[in-house]
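# Architecture at a glance
Okay, here's what each chain looks like letter by letter:
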Amino acid sequence: MKKLSILPHLAVVATFAFAGSVAQADEVKGNAAAGNAKVWLCVGCHSIPDYRADYPLVYKVPMLGGQNAAYVATALSEYKKGDRKHPTMRAIAASLSDQDMADIGEYYAAQTASSPKNPLK
């Protein structure tokens, strides 16, 4: 019977653990002020109260103001990867970098009903 060394297995596990910590360290930080210049395309649908889009199906478009920044960035990332299937959102998200998504998330998270730029956000 052969003796198997555990050291190579530990090295592999340590490599994956280190890679995960590096990915977390590189987490993108959003900036609401930078996001202000990046939401120009979003407001066409997401700033209209009770707006309903009809492509590909009729659905209510959500207002994004006050939404959690990480949720917005994650949703955009999922559209970009194809995990969420709305074709218009997927096309828009495809043009965004991780920094853009984080900035847009922070921008919408900072919005309130009394925000001066667009209280409907």
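Within every chain, residues take consecutive numbers counted from 1 along the sequence as written. Residues qualify for local features only when their pLDDT is at least 70, as the model is predicted, and side-chain atom pairs are given and counted only at 80 or more; totals for whole chains, interfaces and linings, by contrast, use all residues. Note that water and hydrogens are dropped before the side-chain values are worked out from all heavy atoms of the structure.

## Observations concerning the overall build of the chain
Our working rule: A run of H or I in DSSP becomes a helix once it reaches four residues, and a run of E becomes a strand once it reaches two; helices and strands are each numbered from the N terminus. Remark: exposure states derive from per-residue accessible area (1.4 Å probe, protein chains only) relative to the maximum for the residue type, with buried under 20%, exposed over 50%, and partly exposed in between. All accessible-area figures derive from a Shrake-Rupley calculation using a 1.4 Å probe, and residue coverage is judged against the displayed protein chains alone.
The number of helices and strands found in the chain is 6 helices and 2 strands. In the chain, the order of α-helices and β-strands from amino to carboxyl end is α-α-α-β-β-α-α-α. Split into buried and exposed, the 121 residues of the chain put 26% on the buried side. With an accessible surface of roughly 8400 Å², the chain has 62% of that area assigned to carbon and sulfur atoms.

## Here's the deal with the packing of aromatic side chains
To keep things clear, this is the line we draw: A pair of Phe, Tyr and Trp rings is counted when the ring centres sit within 6.5 Å of each other, with Trp represented by its six-membered ring. The angle between the planes then sorts it: under 30 degrees is stacked, over 60 is edge-to-face, the rest tilted. Charge-over-ring placement is defined geometrically: NZ (Lys) or CZ (Arg) within 6 Å of the ring centre, and within 35 degrees of the ring normal.
Considering all chains together, one arrives at 1 aromatic pair under this definition. Here the guanidinium or amino end of Arg 84 rests over the ring plane of Tyr 79, the centre of that ring lying 5.5 Å away.

## Digging into the confidence of the model for the chain
What counts here: Confidence of the predictor at the level of single residues is given by pLDDT, which spans 0 to 100. We call two residues contacting when some pair of their heavy atoms lies within 4.5 Å.
When the pLDDT values of the chain are averaged, the result is 81; 74% of them are 70 or greater. Across the chain, the element-wise mean pLDDT spans from 45 in helix H1 (residues 7–25) up to 98 in helix H4 (residues 69–81). Below pLDDT 50 for its whole length, residues 9–25 participates in 0 contacts with residues either more than four positions away or in separate chains.

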